[in-house]
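Here is what each chain is made of, one letter per residue.
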Amino acid sequence: MVTMPAAPPRARRSVVAELEGALLRGADTFPYFMLVAFEASGLPRFAALLALWPLLRLLELAGRGGLALRVAALVATAGVSRAEVEAVSRAVLPKFMADDVDPRAWAAFGACEGRRVVVATRLPRVMVERFAREHLGAHEVVGCDLEYSRLRRCTGLLRGGGGEAVAGRVRALFAGGDRPDLGIGRSEMARSFLPLCKEQLEPPFTAGAATPSAAAPPFRPVIFHDGRLVCRPTALMSLVILLWLPLGALVAFVRIAVGLMVPIWTIPYIAPIFGGAVITHGRAPPPVRRGSDAAVEDSGGSPSGVLFVCTHRTLMDPVVLATVLGRRVAAVTYSISRLSEVLSPIPTVRLTRDRGVDAARIRAELARGDVAVCPEGTTCREPFLLRFSALFAELSDRIVPVAMNYRVGLFHPTTARGWKAMDPIFFFMNPRPVYEVTFLNQLPAEATCAAGKSPVDVANYVQRILAATLGFECTSLTRKDKYRVLAGNDGIVTAAKPAALGKAAWQSRVKEVLGFLLH
């Protein structure tokens, strides 16, 4: 008698999953409304929504969760432009949602080979659709919608919520009689669509229940994200942020003032007194002696200065590098604000993104001394390195890679959508800002263009060794990719002609001042 092997379990072809409390570990939506309030509107609305938290909590305990949801949505979005809500949903919320994904729920959801449907039972669809489609691979997103006025501003009202409406939309997606293979959810609203599914899973998942028949694809990480808040703004953390802001502004002012008044080489030593820290690894190269290099320059060799190639984590990278070295280092910059240039304790060289012009400017600065460049062209918060521009490899054979990294607790010191002049201020507003600087060995001659290497090969090699030092991952993404995700443009700043400024310039200045006051 021959025993036939058991047939493998049939792959699930379709899945309908609840987002809050199922795909995401937490069912609390308050932090996401707080993020919208802070990033799309500003501090006053953030404080107003926090003040309402006890009322919202009481409504939920009394079984009026739907009313609490509508009140939170009203306070967080009423009067906010549709574009701002969509921008926050695209650039800010995905990072916090990705950090809260349940691995077992993703294993079951991601392994389904056919249609994937995400049901937002407590958040408006606009707030979750980008994350669900781009990172969870959802084909459809079901949920309530925010209403907008004819001026494209949010009224703060929701439409299309409720269990029956959600169940009706899910049923319409599978109208041909083909029921979903798997349903994932746990809330009362989820129970309205779970009976439509052939198989049902409810958190907490057991090891066997959430194990799919096929392996789930890797979860797509969030590489680019925006917004100033580092921590998830729960009620307690929001209160901490609100109480710290006045003191943090004062601390930032003192730190910046002291940094501008004392000699630059003393900053690593006095930083711990003011709550910061600069940690150095490796051996910094000594300053180049001009006399010994004069012959090299006369013979057409490499310029006298050292070209420091840094990872780009914040606007402070070249400044911190100069404080560690204790000597003059010029920073190559593009599109930084005038305020940042004024506050900078080191010289800055503004580039134009014209390759010939920029190369001439960097060579001229290298003839005067050391120069710091960030070939990524823009900052990245996550442990990834963007593609390095190869221009630096053509300009010098004296290349020293420097791995820069930082740690903050409350505020991100970078932004793509906000006022970039505030970046250093937000960095110093953190209770304990920490910078780490790791010097690598100078590239050997055989690894530079002098040995016949192409500039692209040199740039890729420097990217790889810096990534290995930091434990980061190399990518082929660029500045354009970042700004397309976060701001909907290519990140190109065009200089306006002086005669064409007028009203537009005045409006821009007013917007900057309002951004400073509200953020």
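The model shown is predicted, which means the values in this text are computed figures rather than measured ones.

**Student:** Account for a nonpolar patch on the surface, naming residues and giving values.
**Tutor:** Together, Leu 247, Leu 250, Phe 253, Val 254, Ile 273 and Phe 274 give the surface a local cluster of nonpolar side chains, amounting to about 590 Å² of exposed area. Of note, Phe 274 is situated in the loop between helix 12 (267–270) and strand 8 (277–281).

**Student:** Any details on the packing of aromatic side chains? Residues and values, ideally.
**Tutor:** With the rule as written, the count across this model stands at 9 aromatic pairs. Here Trp 106 and Phe 219 contribute two aromatic rings whose centre-to-centre distance is 5.5 Å and whose plane-to-plane angle is 85°, an arrangement assigned as edge-to-face. Pair noted here: Trp 106 is in helix 8 (residues 103–110) and Phe 219 is in the loop between strand 7 (199–201) and helix 11 (235–261), with a separation of 113 residues, a long-range link. Each member of the aromatic cluster is reached from another via a ring pair, and the members are Trp 106, Phe 109, Phe 131 and Phe 219. For the cation-ring pair, Arg 82 lies above Tyr 148, with the distance from its terminal atom to the ring centre recorded as 4.4 Å. When the ring centre of Tyr 334 is taken as origin, the NZ or CZ atom of Arg 353, which lies over that ring, is 3.7 Å away.

**Student:** How would you explain the UniProt feature "transmembrane region" (unreviewed entry) in the protein if you had to name every residue and give the values?
**Tutor:** UniProt's entry tags residues 235–254 and 260–280 with the feature "transmembrane region" (unreviewed entry), counted in the numbering of this structure. Along residues 235–254 the backbone is 100% helical and 0% strand, and the end-to-end C-alpha distance reaches 29 Å. The distance separating the terminal C-alpha atoms of residues 260–280 is 21 Å; by composition the span is 29% helix and 19% strand.

**Student:** Break down the nonpolar core for me, with residues and values.
**Tutor:** Counting residues in hydrophobic clusters, the biggest one holds 108 residues, and the most contacted among them are Leu 49, Ile 184 and Phe 308. At 9 residues, helix 2 (residues 30–40) tops the list of elements feeding residues into this core. Among all residues touching Phe 308, those that are not within four sequence positions of it are Pro 285, Leu 321, Leu 325, Arg 327, Asp 370, Val 371, Ala 372, Val 373, Val 400, Val 402 and Phe 439.

**Student:** Kindly report on the pattern of salt bridges, identifying the contributing residues and their values.
**Tutor:** Applying the stated criterion across every chain yields a total of 21 salt bridges. Across the pair Arg 191 and Glu 202 runs a salt bridge whose closest N-O atoms are separated by 4.0 Å. Remark: Glu 202 occurs in the loop between strand 7 and helix 11 and Arg 191 occurs in the loop between strand 6 (182–184) and strand 7; sequence separation between them is 11 residues. A residue is classified by how much of its surface remains accessible, and Arg 191, at 38% relative accessible area, is partly exposed. Residue classification places Glu 202 among the partly exposed positions, given a relative accessible area of 36%.

**Student:** How would you sum up the sheet that holds strand 3 (residues 140–143)? Please name residues and give values.
**Tutor:** Ordered in space as 3-2-1-6-7, the 5 strands form an open sheet in which the pairing is parallel. The open sheet has two free edges, formed respectively by strand 3 and strand 7, since each of these has just one partner strand. Neighbour to neighbour, the strand axes of the sheet diverge by 15° on average, direction disregarded. Where strand 6 lies against strand 7, 3 bridges are found, and the strand directions are parallel. Residue pairing for strand 7: Ile 184 is matched across the bridge by Leu 201. Helix 9 (residues 125–134) contacts strand 2 (116–120) and strand 3 of the sheet and is inclined by roughly 155° relative to strand 3.

**Student:** Describe the pairing of strand 12 (residues 370–373), with residues and values.
**Tutor:** Going residue by residue along strand 12, you find Asp 370 and Ala 372 tucked away on one face and Val 371 and Val 373 tucked away on the opposite face as well. Pairing of strand 10 (residues 329–333) with strand 12 involves 3 bridges; the strand directions are parallel. Bridge pairing in strand 12 places Val 329 opposite Asp 370.

How each quantity is defined
- Per chain, the residues get numbers from 1 upward, laid out in the order the sequence is written.
- Predicted model: local features are reported for residues with pLDDT of at least 70 only, side-chain atom pairs are reported and counted for 80 or more only, and whole-chain, interface and lining totals are derived from all residues.
- Based on all heavy atoms of the structure, the side-chain values leave hydrogens and waters out of the count.
- Here, patches come from residues exposed beyond 30% relative accessible area and free of salt bridges, joined within 9 Å for like charges and within 5 Å for nonpolar side chains (Val, Leu, Ile, Met, Phe, Trp, Tyr).
- What sets the accessible areas is the Shrake-Rupley method with a 1.4 Å probe; for residues, cover comes only from the shown protein chains.
- Throughout this description, the term salt bridge denotes a Lys or Arg side-chain nitrogen within 4 Å of a carboxyl oxygen of Asp or Glu.
- Under the DSSP-based scheme used, a helix requires at least four consecutive residues in state H or I and a strand at least two consecutive residues in state E, with every element numbered from the N terminus.
- Between the rings of Phe, Tyr and Trp (Trp by its six-membered ring), a pair exists once the centres lie within 6.5 Å; its type follows the angle of the planes, with under 30 degrees stacked, over 60 edge-to-face, and the other angles tilted.
- Lysine and arginine charges are scored as sitting over a ring when NZ or CZ, respectively, is within 6 Å of the ring centre and within 35 degrees of the ring normal.
- UniProt positions are given in the numbering used here, feature names are shortened, and annotations may be inferred rather than shown by experiment.
- Joining through side-chain atoms within 4.5 Å is the link that ties buried Ala, Val, Leu, Ile, Met, Phe, Trp, Tyr and Cys residues into a set, and such a set is a nonpolar core.
- Here's how the labels work: a residue is buried when its accessible area is under 20% of the maximum for its type, exposed when over 50%, partly exposed in between, all with a 1.4 Å probe on protein chains only.
- When checking whether two residues touch, look at their non-hydrogen atoms; a contact exists if any pair is within 4.5 Å.
- Whether two strands pair depends on DSSP finding at least two bridges between them.
- In this description, a line fitted to the C-alpha atoms serves as the axis of each element, helices being fitted only across the stretch in contact, and the angle between N-to-C directions of two axes falls anywhere from 0 to 180 degrees.

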